[in-house]
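# Coordinate analysis (summary)
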Amino acid sequence: MFEHSTKIRVRYGETDQMGYMYYGNYAEFYEVGRVEMLRSMGLTYSGMEASGIMMPVIELNCKYYKPALYDEEITVKVIMKEMPRIKIHFIYELYNEKQELINLGETSLVFINMTTKRPCIAPQDFRDKLKPFFE
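All of the points below concern the structure found in this document.

## Considering the pattern of salt bridges
Taken as a whole and assessed by the stated rule, the structure comprises eight salt bridges. Between Glu 36 and Arg 39 there is a salt bridge whose closest N-O contact spans 3.7 Å. One end of the pair, Glu 36, and the other, Arg 39, are both in helix H1 (residues 26-40), three residues apart, so they sit about a helical turn from each other. Exposure remark for Glu 36: the relative accessible area of 28% places this residue in the partly exposed category.

Laid out in structure tokens, this is it:
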């Protein structure tokens, strides 16, 4: 299993009139957490795309427990429980400054060969970097 956390502050433009983060912005927080998790392993989306692989989201689930509030620092914890093959699955736990779980999400992405436009196995270097976490 691999876990990574990053912090993001809720900006004014991400909130509604009540000062709550707009529900659609949670997916953007998931993406930031996912990108930073990959970066922590020395991987980037741009590097994957340069090697001919893209990773579109094919599924998104989201459950709200408490609102993320304007100017609050949110901890986005990203969890991978399984070694990816053709698909990669992420779990997201969002915590407020009081360390209360406020949101739980999941996404599944698929590795796509940009030339053939067909699903493919995760790149070997990607799997090599993750392997120690799943042994």
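So, next bit.
## Points about the sheet that holds strand S1 (residues 2-9)
Spatially, the five strands line up as an open sheet ordered S1-S4-S5-S6-S3, and their pairing is antiparallel. At either margin of the open sheet sits one strand with a lone partner, and together these are S1 and strand S3 (57-64). Sheet twist, expressed as the mean angle between neighbouring strand axes with direction ignored, is 20°. Where S3 and strand S6 (residues 101-110) come together, seven bridges link them in antiparallel fashion.

## Some thoughts on unusual backbone geometry
Negative phi values dominate among residues other than glycine, just as trans dominates among peptide bonds. Notably, Asp 71 is not glycine yet its phi reads approximately 70°, a positive angle. Residue position: Asp 71 is located in the loop between S3 and strand S4 (73-80). The phi dihedral of Lys 117 is positive, around 65°, even though this residue is not glycine. Residue position: Lys 117 is located in the loop between strand S7 (112-113) and strand S8 (118-119). The exposure class of Lys 117 is exposed, given its relative accessible area of 56%.

## With respect to the nonpolar core
By size, the foremost hydrophobic cluster in this structure holds 32 residues, and its most contacted members are Leu 94, Phe 111 and Phe 126. When residues of this core are traced back to their parent elements, those giving at least two are S1, H1, helix H2 (45-50), S4, strand S5 (87-95), S6 and helix H3 (124-130). The element contributing the most residues to this core is H1, with six residues.

Rules and cut-offs
- Residues numbered from 1 in each chain as written.
- Predicted model: local features only at pLDDT ≥ 70, side-chain atom pairs only at ≥ 80, totals over all residues.
- Heavy atoms only, no water.
- Salt bridge = Lys/Arg side-chain N within 4 Å of Asp/Glu carboxyl O.
- Helix = DSSP H or I, 4+ residues; strand = E, 2+ residues; numbered from the N terminus.
- Buried < 20%, exposed > 50% of the residue type's maximum accessible area, 1.4 Å probe, protein only.
- Pairing = 2+ DSSP bridges.
- Axes fitted to C-alpha atoms, helices over the stretch in contact; angles between N-to-C directions.
- Core = buried A, V, L, I, M, F, W, Y, C linked by side-chain atoms within 4.5 Å.

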